[in-house]
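# Architecture and fold: a report
The chain contents come next:
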Amino acid sequence: MALFLSSVQCLVIGLFIFGLFGFLQGWRNGLVIMGFTLAAVLFLYIGGATGIATIFFVRIPQTINILTGGALFSSSPPQPGAPQVLISALIMLGVTMLIGILVGNRAFPSKPGSVSTSDHFLGIIPGLVTGYAVVSYVSHLFASNPSVSVGVTTPSPNSLGNYIVVLVLIVLAVLVIGLLTARFGRK
């Protein structure tokens, strides 16, 4: 029996995971991670994945070949294909998010329990924005590479725009809850 996720389920799971991660991190760290992730997604959308794949799959082997005196190959390696570009994009996105986490934890160090409840609730907002950007970019990647299949139907770029209203409503509800906990709650 095979279990396949529909595109809506994939989007909801992605938003839930990133929203939960934003809740756990708080809004300050969430904003840093969101900044790094959105910058990486923008860089990858404008063709940065092909450049990264060219560096790792063409330029570095050529450099090694030159340094070893031509012992590896007699001609230059081929340009990276779609799977190499996909792998490069996913690795770059993951590394950039990891750097965002490390920078956020370094910039806003906190002891366990020192982040207030309102900061946790407000952290859901950058988490959802980050999740939406990552899910939309990953769905764009898998839509442009139909040869790679993971058993998940990623949302199409046309259907992603339909859920922005739902995302805005969730953000408004979280904002109200965060402001209420800041007003009436203690740490």
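Right above here is the structure, for reference.
Residues numbered from 1 in each chain as written. Predicted model: local features only at pLDDT ≥ 70, side-chain atom pairs only at ≥ 80, totals over all residues. Heavy atoms only, no water.

## Quick notes on the overall build of the protein
Helix and strand content of the protein: seven helices and zero strands. Of the regular secondary structure in the protein, the N- to C-terminal order runs α-α-α-α-α-α-α. Taking all 187 residues of the protein together, 37% fall into the buried category. Excluding contacts between residues fewer than 6 apart, the proportion of contacts in the protein whose partners are at least 24 apart in sequence is 84%. When the accessible surface of the protein is totalled, it reaches about 11200 Å², and 72% of it is carbon and sulfur. (Helix = DSSP H or I, 4+ residues; strand = E, 2+ residues; numbered from the N terminus. Buried < 20%, exposed > 50% of the residue type's maximum accessible area, 1.4 Å probe, protein only. Contact = heavy atoms within 4.5 Å. Areas by Shrake-Rupley, 256 points an atom, 1.4 Å probe, with all protein chains shown as cover.)

## Points about the packing of aromatic side chains
Each aromatic ring pair is specified by the distance between its two centres and by the angle formed by the two planes. Under the defined criterion, the tally for this structure stands at two aromatic pairs. Plain terms: the ring middles of Phe 23 and Phe 121 are 5.4 Å apart, the flat faces sit at 70° to each other, and that makes the pair edge-to-face. Of this pair, Phe 23 sits in helix α1 (residues 7-25) while Phe 121 is found in helix α4 (residues 117-122), placing the two residues 98 residues apart along the sequence. On the basis of relative accessibility, which here comes to 22%, the residue Phe 121 falls in the partly exposed class. Between Tyr 45 and Tyr 137, the ring centres sit 5.1 Å apart and the planes meet at 80°, which makes this aromatic pair edge-to-face. Of this pair, Tyr 45 sits in helix α2 (residues 27-67) while Tyr 137 sits in helix α5 (residues 124-144), and the two are 92 residues apart along the sequence. Given the relative accessible area of 2%, Tyr 137 is considered buried. (Phe/Tyr/Trp six-rings, centres within 6.5 Å; stacked < 30°, edge-to-face > 60°.)

## Re the packing of α2 against helix α3 (residues 82-107)
Close contact between α2 and α3 brings their axes to 8 Å; oriented N to C, the two are set at 150°. Comparing their axes, α3 and α2 come out roughly antiparallel. Helix-helix and strand crossings are classified by hand; for α2 and α3 the assignment is right-handed. Considering only residue class, the contact of α2 with α3 consists of 19 nonpolar, nine polar and no charged. (Axes fitted to C-alpha atoms, helices over the stretch in contact; angles between N-to-C directions. Parallel < 35°, antiparallel > 145°, perpendicular 65-115°, else oblique. Left-handed = near helix turned anticlockwise from the far one by under 90°. Nonpolar A, V, L, I, M, F, W, Y, C, P; charged D, E, K, R; others polar.)

## Quick word on the pattern of salt bridges
Tallied over the full model, the rule gives one salt bridge. Note that Arg 28 is salt-bridged to Asp 119, the shortest N-O span being 3.1 Å. In this pair, Arg 28 sits in helix α2 while Asp 119 sits in helix α4, placing the two residues 91 residues apart along the sequence. Residue Asp 119 is classed as buried on the basis of its relative accessible area of 13%. (Salt bridge = Lys/Arg side-chain N within 4 Å of Asp/Glu carboxyl O.)

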